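# Residue-level structural notes
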Amino acid sequence: MTATKAPPEVDQLLDAEGADHFLLAGVGDANLREVESLFGVRVVLRGDVVRLSGEEEFVAASTPVVEHMIGLARLGRSFGVADVGRFAAAGASGGRRAVTSPTPERDRALQIAVPGARRVIRARSEGQRAYLRALSESDIVIAIGPAGTGKTYLAVASAVDALLRKQVRRIILARPAVEAGENLGFLPGDLQEKVDPYLRPLYDALEDMMPPARVRRGIAERVIEIAPLAYMRGRTISDAFAILDEAQNATAAQMKMFLTRIGVSSRVVITGDKTQIDLPPSQVSGLVQVEEILSQVDGIDFVYLDEGDVTRHRLVKRIVRAYAADHERQPESASDGGE
């Protein structure tokens, strides 16, 4: 029997001049080892050159990912093994996820430098870049995706940035007060005290970008308003940056009510995860309905994030994937509305 001939190997040399070698390689060369593991190539960094060696197909697939890493290292941006995995996933899926090499101009356009924030807030995936681009260009943005993809955080960052730049006079953050397995009625205090814990993620995002004292002052002066969605009824939202978070738990009527509150000089972001609907089975999610009704309306930008955009602990991505796979295995008639 004739032995199968192994495919010939090729070398690809990439220019890494100006790149921070430590940022590029990672601690203990972990970033380079991750490229080797993901693509089955050998990666060697010598001087200002990165050498990729292996089968032509695998070298070709790994090249744009390593070029992206070099671009980030030139900009002085740190990244880790989990980020390398996201870059690889983006390159493999193509389309809007295709990896693009960063440049100083593109990098500045897709970051938010909020005064007083702990750091410059940047997109960490291609999906998040598309999201930030939509936030800067559209008056109404609807972001749909699983937990941990930065939907709320980036929206709040954009709102704070717009407020501090005096593009809007106030920020309005709303959530539907839907009981996700807990009974709010048994919590102590008045209505505001009952719903405050449910609104805590919005407070946390704000306080990550502004000093807590400034957040409290903004709330006291009504420059910042954080409230259940029901409080929006009968109002007009003008000269404001309004965010409806956890919109999968808004009913169809509530979603229509919120969208028709929008006044002049306002920007609106709606975020939600269609896999975590806590409404009773008999009620249609406003997020699901609005996707069907408004997807072709000019001026409304839909952004879809997925597991490749998860920026929490690397296990969160695997958890999201496992739940998605389980959901696909379930019979359609078994949906209980509370996934």
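All figures in this text were calculated on a predicted structure; none of them were measured in a lab.

Parameters and conventions
Residues numbered from 1 in each chain as written. Predicted model: local features only at pLDDT ≥ 70, side-chain atom pairs only at ≥ 80, totals over all residues. Heavy atoms only, no water. Helix = DSSP H or I, 4+ residues; strand = E, 2+ residues; numbered from the N terminus. Axes fitted to C-alpha atoms, helices over the stretch in contact; angles between N-to-C directions. Parallel < 35°, antiparallel > 145°, perpendicular 65-115°, else oblique. Left-handed = near helix turned anticlockwise from the far one by under 90°. Contact = heavy atoms within 4.5 Å. Nonpolar A, V, L, I, M, F, W, Y, C, P; charged D, E, K, R; others polar. Pairing = 2+ DSSP bridges. Expected span 1.5 Å × (residues − 1). Buried < 20%, exposed > 50% of the residue type's maximum accessible area, 1.4 Å probe, protein only. Salt bridge = Lys/Arg side-chain N within 4 Å of Asp/Glu carboxyl O. Core = buried A, V, L, I, M, F, W, Y, C linked by side-chain atoms within 4.5 Å.

Within the fold, R86 resides in helix α4 (residues 81-93). For the pair R86 and G308, spaced 222 residues apart in the sequence, the C-alpha separation amounts to 5.7 Å.

The backbone of K166 shows a phi angle near 60°, a positive value even though the residue is not glycine. The topology assignment puts K166 in the loop between α7 (151-164) and β7 (170-175). In this structure, R222 takes a positive phi of about 65° despite not being glycine. Tracing the backbone shows R222 in the loop between α9 (212-220) and β8 (224-228).

Looking now at the packing of helix α2 (residues 30-39) against helix α3 (residues 56-74). For any two helices packed against each other, the geometry comes down to the angle between their axes and how far apart the axes lie. Where α2 contacts α3, the two axes come as close as 10 Å, and the packing angle between them is 155°. As summarised for this structure, α2 and α3 are arranged roughly antiparallel, according to the angle between their axes. Read as a crossing pair, α2 and α3 show a hand that is right-handed. The segment α2 lies against α3, with N31, L32, V35 and F39 engaging F58, A61, S62, V65, V66 and M69. Here the residues of the contact of α2 with α3 sort into eight nonpolar, two polar and no charged.

Reading across from one edge, β1-β3-β2 is the order of the three strands in this open sheet, with antiparallel pairing throughout. Where the open sheet ends on each side, the last strands, each with one partner, are β1 (9-15) and β2 (42-46). Between one strand axis and the next, the sheet turns by 20° as a mean value, whatever way the strands run. Here five bridges tie β2 to strand β3 (residues 49-55), and the two strands are oriented antiparallel to one another. Within β3, the residue paired with R42 across the bridge is S53.

This paragraph deals with α7. Taking 1.5 Å of rise per residue, the 14 residues of α7 would be expected to cover 20 Å, and the 20 Å separating its terminal C-alpha atoms lies within 8% of that figure. In terms of residue burial, α7 counts as a mostly covered element, since twelve of its 14 residues are buried. Of all the residues in α7, the buried ones are K151, T152, L154, A155, V156, A157, S158, A159, V160, D161, A162 and L163.

Take the pattern of salt bridges next. Under the criterion given, the structure shown has twelve salt bridges. Of the charged contacts in the structure, one is a salt bridge between R42 and E9, with a shortest N-O distance of 2.9 Å. On the criterion of sequence distance, the pair formed by R42 in strand β2 and E9 in strand β1 is long-range, its members being 33 residues apart. Bridged by salt links that share partners, the residues D29, R33 and E36 form one connected network.

A few words on the nonpolar core. Most often, soluble globular proteins have nonpolar side chains that are buried together. The biggest cluster of nonpolar side chains holds 35 residues, and the ones touching the most others in it are Y131, V156, L173, L206, I226 and I243. Counting residues per element, the ones that place at least two in this core are α6 (126-137), β6 (140-144), α7, β7, α8 (191-207), β8 and β9 (240-244). At eight residues, the largest contribution of residues to this core is made by α7.

Any functional reading would require information beyond the geometric quantities listed.
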